[in-house]
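# Analysis of the macromolecular model
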Amino acid sequence: PPPLPPPSAMLTSRGPALCTALRRAAPGGLASFHSSARRCRAARVAVVLSGCGVYDGTEIHEASAVLVHLSRGGAEVQMYAPDVPQMHVIDHSKGQPAEAESRNVLVESARIARGKITSLAKLTTADHDAVIFPGGFGAAKNLSTFAVDGKDCKVNREVERVLKDFHKAGKPIGLCCISPVLAAKVLSGAEVTVGHEEEEGGKWPYAGTAGAIKELGAKHCVKEVTISFPAHVDTKNKVVTTPAFMCETALHHIFDGIGAMVKNVLKLTGK
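Residues numbered from 1 in each chain as written. Predicted model: local features only at pLDDT ≥ 70, side-chain atom pairs only at ≥ 80, totals over all residues. Heavy atoms only, no water.

## A short note on the state of the cysteines
Simply put, the disulfide is a covalent bond whose two ends are the sulfur atoms of two cysteines. Tallied over the entire structure, the rule returns 0 disulfides. Here Cys176 stays free of any disulfide, with the sulfur of Cys177 as its closest cysteine sulfur at 6.4 Å. Residue classification places Cys176 among the buried residues on the basis of a relative accessible area of 0%. (Disulfide = S-S within 2.5 Å. Buried < 20%, exposed > 50% of the residue type's maximum accessible area, 1.4 Å probe, protein only.)

## Considerations on helix H5 (residues 105-112)
Of all 8 residues in H5, 6 are buried; the element is thus mostly enclosed. Within H5, the full set of buried residues consists of Val105, Leu106, Glu108, Ser109, Ala110 and Ile112. For H5, the side-chain oxygen to backbone nitrogen distance between the N-cap and Leu106 is 2.8 Å, and the N-cap itself is Asn104. Looking at the residues trailing H5, positive phi occurs at Arg114, about 55°. (Helix = DSSP H or I, 4+ residues; strand = E, 2+ residues; numbered from the N terminus. Polar contact = N/O pair within 3.5 Å; in protein donor to acceptor, adjacent residues only side chain to side chain.)

## Side note on the sheet that holds strand E7 (residues 173-176)
Read across the sheet, 7 strands follow the order E5-E2-E1-E6-E7-E11-E10 without closing on themselves; strand pairing throughout is mixed. Looking at strand neighbours, the two that pair on one side only are strand E5 (117-119) and strand E10 (232-234), the edges of this open sheet. Put simply, the sheet's adjacent strands are angled 25° from each other on average, direction ignored. Examined bridge by bridge, E7 and strand E11 (residues 239-242) share 4 bridges and lie parallel to one another. Bridging from a neighbouring strand, Ile173 pairs with Val239 of E11. Where H5 meets the sheet, its contacts fall on strand E2 (76-81) and E5, and the angle it forms with E5 comes to roughly 160°. The strands that helix H11 (residues 251-269) touches are strand E1 (44-48), strand E6 (130-133), E7, E10 and E11; relative to E11, the one it contacts most, it runs at about 170°. (Pairing = 2+ DSSP bridges. Axes fitted to C-alpha atoms, helices over the stretch in contact; angles between N-to-C directions. Contact = heavy atoms within 4.5 Å.)

## Thoughts on the packing of helix H4 (residues 60-72) against H11
Between H4 and H11, whose axes approach to 9 Å, the crossing angle comes to 50°. Regarding the angle of H4 to H11, the classification is oblique. Considering how the two elements wind past one another, H4 and H11 form a crossing that is right-handed. Residue-level contacts link His61, Glu62, Ala65, Val66, Val68, His69, Leu70 and Arg72 of H4 to Leu251, Phe255, Ile258, Gly259, Met261, Val262 and Leu266 of H11. Residues belonging to the contact of H4 with H11 are distributed by class as follows: 10 nonpolar, 3 polar and 2 charged. (Parallel < 35°, antiparallel > 145°, perpendicular 65-115°, else oblique. Left-handed = near helix turned anticlockwise from the far one by under 90°. Nonpolar A, V, L, I, M, F, W, Y, C, P; charged D, E, K, R; others polar.)

## Focus: the nonpolar core
Counting 72 residues, the largest nonpolar core has Leu70, Leu123, Val131, Phe133, Ile258 and Met261 as the members making the most contacts within it. A per-element tally of this core places H11 first, with 7 residues. Ignoring anything within four residues of it in the chain, the contact list for Met261 reads Val66, Ile132, Gly174, Leu175, Cys176, Ala231, Val240, Thr241 and Thr242. (Core = buried A, V, L, I, M, F, W, Y, C linked by side-chain atoms within 4.5 Å.)

## Thoughts on the pattern of salt bridges
Counted under the stated rule, the structure contains 11 salt bridges. With its nearest N and O atoms 3.2 Å apart, the salt bridge here joins Arg111 to Glu108. Here the residue Arg111 and the residue Glu108 both occupy positions in helix H5, the gap between them amounting to 3 residues, near one helical turn. Look at Glu108 and you get buried, because its relative accessible area is 6%. (Salt bridge = Lys/Arg side-chain N within 4 Å of Asp/Glu carboxyl O.)

## Considering the packing of aromatic side chains
Evaluated as defined, the whole model comprises 2 aromatic pairs. Ring geometry for Tyr55 versus Phe137: centroids 6.1 Å apart, planes at 35°, classification tilted. Remark: Phe137 occurs in the loop between E6 and helix H6 (138-141) and Tyr55 occurs in the loop between E1 and H4; sequence separation between them is 82 residues. Look at Tyr55 and you get partly exposed, because its relative accessible area is 38%. Residue class for Phe137 comes out partly exposed when judged on its relative accessible area of 27%. (Phe/Tyr/Trp six-rings, centres within 6.5 Å; stacked < 30°, edge-to-face > 60°.)

## A look at helix H8 (residues 157-168)
In this model H8 runs 16 Å from its N-terminal to its C-terminal C-alpha over 12 residues, within 8% of the 16 Å that 1.5 Å per residue would give. Residues of H8 that are buried: Glu158, Val159, Val162, Leu163 and Phe166. One face of H8 carries all of its buried residues, which in axial projection span an arc of 135°. The exposed set on the far side of H8, more than 90 degrees from its buried face, consists of Arg157 and Lys168. The elements touched by buried residues of H8 are E6, E7 and helix H9 (180-186). Where H8 starts, the residue carrying a side-chain oxygen 2.8 Å from the main-chain nitrogen of Glu158 turns out to be Asn156. Of the residues trailing H8, Gly170 is marked for its positive phi of about 70°. (Expected span 1.5 Å × (residues − 1). Arc of directions from axis to C-beta.)

Don't take any of this as a statement about function, it's just geometry.
In structure tokens, the structure reads:
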């Protein structure tokens, strides 16, 4: 068959009216007309860490899952952590405090961030479209005093500022595992999930957290950790939560649940 004529010739053959309309829609020519359809800016997401290690910092598998799903979703990520001492250091091989040690939350978080970490004091809503808090006991020990004080806990000043600023700006907040207690404490009337409200033979060993969330004035929503119902979306407050390691289950279920949380956070950014 004969070769097709060039696009300009095909357009010309359709008549001058079509050419004029296209020129008005794309003053820079056909190349700019097509490229503009792909010009979607990536969501800019801040990830707030609380150290490195499940018992005294960020749960590493959760942080990794958050980062993988954000990468898959095409987001631009910057990691932050408060520049403060840890509550204490846990020897993870024994599950006991290492009495003679002290560590810094920002320095330890840099292990997960591969060195690319910024002080939480520099995090602003103007630079980001959403913020996500992975879990781990660091959220209850270093980002707040929940592990010690329960419903009477205090939240780190910078963490509180970030949560309130993103909420006021109408930008989504994602939290998993134990970290939803931060939103329950700071954002009045927020809806969150940490999974189930009964231990159920050890499947939900931290189920008592749901009661504390209610005492904080938040609404707790029972959710599974599996892919069927893995995340709760509080559309009014743009808060997205998932149980993660609050449940004793297979790692891939936790990974998938965190993926659902990330997906909904990105969806709420509108990017």
